[in-house]
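Read off the chains here:
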Amino acid sequence: MTNQKHDNTPALLSPELLSKVQRHAAEWFCALGSRKVRASLTTDQLRDQLGGPLPDNGTNPEALTNMLAAAGMQGTVATAGPRYFGFVIGGSLPAALAADWLVSAWDQNSAVYVMSPLVSVIEQITGAWLRELAGLPPSMSFGFVTGCQMANFTSLAAARHRVLANAGWDVEANGLFGAPPIQVVVSEESHYTIAMALRLLGLGANRVDKIPADSQGRMRSDALATVLRTHQGPCIVCAQAGNVNTGAVDPLTEIGALAKERGAWLHVDGAFGLWAAASPAHTHLVRGIERADSIATDAHKWLNVPYDCGIVFCADEPAHRSAMSLAAAYIVATGTERDPHEFVPEESRRARAVPVYAAIRCLGRQGLAAMVERHCRQARRFADALRAAGHQVLNEVVLNQVLVSFGTPDQTKRTIAAIQQDGTCWCGGTVWQNQTAMRISVSNWSTTDEDVDQSIAAILRAAQQSTS
Ligand SMILES: *Cc1c(COP(=O)(O)O)cnc(C)c1O
């Protein structure tokens, strides 16, 4: 890059700069469907292009934008594209991306109403819409956090507040030293972000009762019943809607009844699985979730908005607020309007509800249902084709996740490496109940059946090379 001489005083934001960014972004976006999915620059090449000594003098913003855009064309992975099936990623709906640009331009701090009435109002509208789409009671409070990790954290902070308050302990004031013990129950298939949230909350990642799961990764309610009988007093149960490997959902109705009987707080991690509720054909999978005390989910996965965006829902608004709100002398609550920071760990924060608003407004209830249904159907299309070619599908494909084995662990690993190198699509590896497997997650709004078929062909080619 040219370290063009620049007078070090930031120039006014020029229309030329914005239209240049727009052209670069459009070029990148349009290439998503045809480029190789993997990055095509090596780490060393990226360091060479972008690194060097700390610049003494500034660079002209247009030159800088050109440099970043060039690196972005080759250094990114096309995770936002139609043939990325790794992890559970999702893309950005055009309307959500456009709204996100506005959010950046506005640069609103949405901690409190007085800083941004617009964002406070949009957050309120969007939270209510999401609640309705997920079939949750209108009385549930909500907060927009950075992702499901923080949604799990916020949920479990509210849980910690309530179960200890019921035992006469003020955890926000006094912390956990000397507090009544809490029985924390998780599944052996709980996502690792549950363990992280427990760590951060002082509840301990390992100080838990771990319930075994069935062949699909669902918590066994008979085993839960037994464990819940072993203790009395404060108790938190963590269930899951949407296993990251199989897509399976815990038996939430049964778990809910057991938690209620025990007087426990029921939390459900529904990072992507919650959105099964948005599709009439899949909503039965998450039946019972509406009776949870807290639910954590993501918008940046299946709802296809840009990073970073997760949502926490809580049936106990006082517990939710008590765990999160923090009064400062210079923050005077309006009393009537929503101060978004009261529901999340952060203070200063991005207006991250706005792209979600745009996504819902653009899709509508029908559009979201159609997207969820399409992804589930495309997951079955993958599974059927791979099975027909003689490969072993390891899970019941109930949602958008498929697990496949290509023979021995080595053959499966070689196949995954060959798929990633080929670049037609991208799938990652996992170990499912001691079996090395490849994982396919269909969660991008732009994936067509043709993308699926092209990817199936690439996967079968790679498997043939790697297993013959
Ligand atoms: C992705 C995921 C998380 C973590 O969400 P982030 O948005 O990455 O913080 C938690 N639980 C489940 C089941 C997930 O799939």
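Sequence positions are assigned chain by chain, starting from 1 and proceeding in written order. This being a predicted model, a pLDDT of at least 70 is required before a residue's local features are given, and a value of 80 or more before pairs of side-chain atoms are given or counted; all residues contribute to the totals for chains, interfaces and linings. Side-chain descriptors were evaluated using all non-hydrogen atoms of the structure, hydrogens and water having been removed beforehand.

### Regarding the overall build of the protein chain
Secondary structure elements are defined from DSSP: runs of H or I of at least 4 residues count as helices, runs of E of at least 2 residues count as strands, and each element is numbered from the N terminus. Of the regular secondary structure elements, the protein chain holds 14 helices and 11 strands. Whereas a compact globule of 468 residues would reach a radius of gyration of roughly 23 Å, the protein chain reaches 24 Å, a difference of no more than 12%. For the protein chain, the spread of C-alpha atoms along the three principal axes comes to 65 × 65 × 45 Å. The rule is simple: take the accessible area with a 1.4 Å probe, protein chains only, and divide by the maximum for that residue type; under 20% is buried, over 50% is exposed, in between is partly exposed. Within the protein chain, the proportion of its 468 residues that are buried is 51%. Whether two residues are in contact is decided by their heavy atoms: any pair within 4.5 Å suffices. Looking at the protein chain alone, contacts between residues at least 24 apart form 75% of all its contacts between residues at least 6 apart. In this description, accessible areas are obtained by the Shrake-Rupley approach with a 1.4 Å probe, and a residue is regarded as covered only by the protein chains that are shown. As presented, the protein chain carries roughly 20,800 Å² of accessible surface, and 54% of it is formed by carbon and sulfur atoms. Computed over 38 positive and 42 negative side-chain charges, the separation of the two mean positions in the protein chain equals 4 Å. For the radius of gyration, the atom set is restricted to C-alpha positions; the globular benchmark scales as 2.2 Å times the number of residues to the power 0.38. We treat Lys and Arg as the positive residues and Asp and Glu as the negative residues; His and chain ends play no part in the count. For this purpose, a charge sits on NZ of Lys, CZ of Arg, CG of Asp or CD of Glu.

### Brief notes about the sheet that holds strand β1 (residues 141-145)
In this scheme, strands are said to pair when DSSP sees at least two bridges between them. Taken in spatial order, the seven strands make up an open sheet running β1-β7-β6-β5-β4-β2-β3, and their pairing is mixed. Every interior strand has two partners, whereas the edge strands, β1 and β3 (209-211), have only one. For this sheet, the mean inter-axis angle between neighbouring strands, taken without regard to orientation, is 20°. On the sheet, helix α6 (residues 148-166) packs against β1, β4 (235-240), β5 (265-269), β6 (294-298) and β7 (310-314) and is oriented at approximately 180° with respect to β5. Helix axes are fitted to C-alpha atoms over the stretch in contact, other axes to C-alpha atoms as well, and angles between N-to-C directions run from 0 to 180 degrees.

### A word on the nonpolar core
By size, the foremost hydrophobic cluster in this structure holds 64 residues, and its most contacted members are Leu130, Leu224, Val237, Ile289 and Phe313. Counting 25 residues, the second-largest nonpolar core is a separate cluster that includes Leu156, Leu164, Ile182 and Leu198. Throughout this description, the term nonpolar core refers to a set of buried Ala, Val, Leu, Ile, Met, Phe, Trp, Tyr and Cys residues connected via side-chain atoms within 4.5 Å.

### What to know about the pattern of salt bridges
Basic side-chain nitrogens of Lys or Arg form a salt bridge, by our definition, when they fall within 4 Å of a carboxyl oxygen of Asp or Glu. One pass over the structure, following the stated rule, counts 21 salt bridges. As a salt-bridge pair, aspartate 222 and arginine 220 come within 3.1 Å of each other at their nearest N and O atoms. Close ionic contact of aspartate 453 with arginine 381 constitutes a salt bridge, the shortest N to O distance being 2.8 Å. Residue aspartate 453 is found in helix α14 (residues 449-467), and its partner arginine 381 is found in helix α12 (residues 353-388); the two are separated by 72 residues along the sequence. What makes aspartate 453 partly exposed here is its relative accessible area of 35%. Taken together, the salt bridges that share partners define one network made up of Glu123, Arg338, Glu346, Arg349 and Arg352.

### Some words on the environment of glycine 367
Residue placement: glycine 367 occurs in helix α12. Overall, the relative accessible area of 18% leaves glycine 367 in the buried class. The sequence separation of glycine 367 and serine 279 amounts to 88 residues, and the corresponding C-alpha distance is 9.6 Å.

### Structural notes on the packing of aromatic side chains
Two measures describe an aromatic ring pair: the distance that separates the ring centres and the angle between the ring planes. Ring pairs shown here join Phe, Tyr and Trp side chains whose ring centres sit within 6.5 Å, with only the six-membered ring taken for Trp; geometry is labelled stacked below 30 degrees between planes, edge-to-face above 60, and tilted in between. This structure, assessed with the given rule, holds five aromatic pairs. Aromatic pair tyrosine 84 and tryptophan 426: ring centres 5.2 Å apart, planes at 20°, arrangement stacked. Highlighted residues: tyrosine 84 in the loop between α3 (61-75) and α4 (94-106) and tryptophan 426 in the loop between α13 (409-422) and β10 (428-432), separated in sequence by 342 residues. Both residues of the pair, tyrosine 84 and tryptophan 426, count as buried. Ring geometry for phenylalanine 85 against phenylalanine 382: centres 5.0 Å apart, planes inclined by 75°, an arrangement best described as edge-to-face. With a gap of 297 residues between them, phenylalanine 85 in the loop between α3 and α4 and phenylalanine 382 in helix α12 connect regions that are remote in the sequence.

### Here's the deal with the site of the ligand
Residues are counted as near a molecule or strand when any one of their heavy atoms sits within 4 Å of it. Taken together, 14 residues sit near the ligand, with Gln149, Asp269, Asp298, His300 and Lys301 positioned nearest. A distance of 3.0 Å is found between an oxygen atom of the ligand and a backbone nitrogen or oxygen belonging to cysteine 148. Polar contact is defined as a pair of N or O atoms within 3.5 Å, subject to the rule that within protein one atom must be able to donate a hydrogen and the other to accept it, and that residues adjacent in sequence are counted only when both atoms are side-chain atoms. Between the ligand and the protein, one listed contact pairs a nitrogen atom with a side-chain N or O atom of aspartate 269 at 2.7 Å. Relative to its unbound accessible area of 380 Å², the ligand is 84% covered by the protein chains. Under the grouping applied here, Gly and all other residues not named as nonpolar or charged are polar, the nonpolar ones being Ala, Val, Leu, Ile, Met, Phe, Trp, Tyr, Cys and Pro and the charged ones Asp, Glu, Lys and Arg. Here the shell around the ligand is built from residues that sort into four nonpolar, seven polar and three charged.

### A look at the side chain of arginine 83
Structurally, arginine 83 can be placed in the loop between α3 and α4. The class of arginine 83 is buried, set by a relative accessible area of 5%. When residues no more than four places from it in sequence are discounted, the contact partners of arginine 83 are Gly33, Ser34, Arg35, Val37, Thr424, Cys425, Trp426, Asp451, Gln454 and Ser455.

### So, the environment of alanine 96
Mapped onto the elements, alanine 96 comes out in helix α4. Sequence spacing of alanine 96 and leucine 303 is 207 residues, and the spatial spacing of their C-alpha atoms is 9.6 Å. Residues in contact with alanine 96, not counting those within four places in the same chain, are Asn304, Val305, Pro306, Pro355, Ala358 and Ala359.

### A short note on helix α5 (residues 117-133)
For a helix, the expected span equals 1.5 Å multiplied by the number of residues minus one. With 17 residues, α5 extends 24 Å between its outermost C-alpha atoms, agreeing within 8% with the 24 Å of an ideal straight helix rising 1.5 Å per residue. Buried residues along α5 sit in contact with β1, β7 and α12. Just downstream of α5 lies glycine 135, where phi reads positive at about 70°.

### Quick notes on the sheet that holds strand β11 (residues 435-441)
In space, the four strands of this open sheet follow the order β8-β9-β11-β10, with antiparallel pairing throughout. Strands at the two margins of the open sheet, each flanked by one partner only, are β8 (392-393) and β10. Pairing geometry for β8 and strand β9 (residues 401-405), over two bridges, is antiparallel. The residue bridging glutamine 392 from the neighbouring strand is serine 405, located in β9. Contacts between α13 and the sheet are confined to β9, β10 and β11, with β11 contributing the most and set at about 30° to the helix.

### Details of the domain arrangement of the protein chain
Taken domain by domain, the protein chain consists of domain 1 (15-81) and domain 2 (98-358). Taken over C-alpha atoms, the centre of domain 1 sits 36 Å from the centre of domain 2. Note that the domain bounds reflect an automated or database-derived domain assignment.

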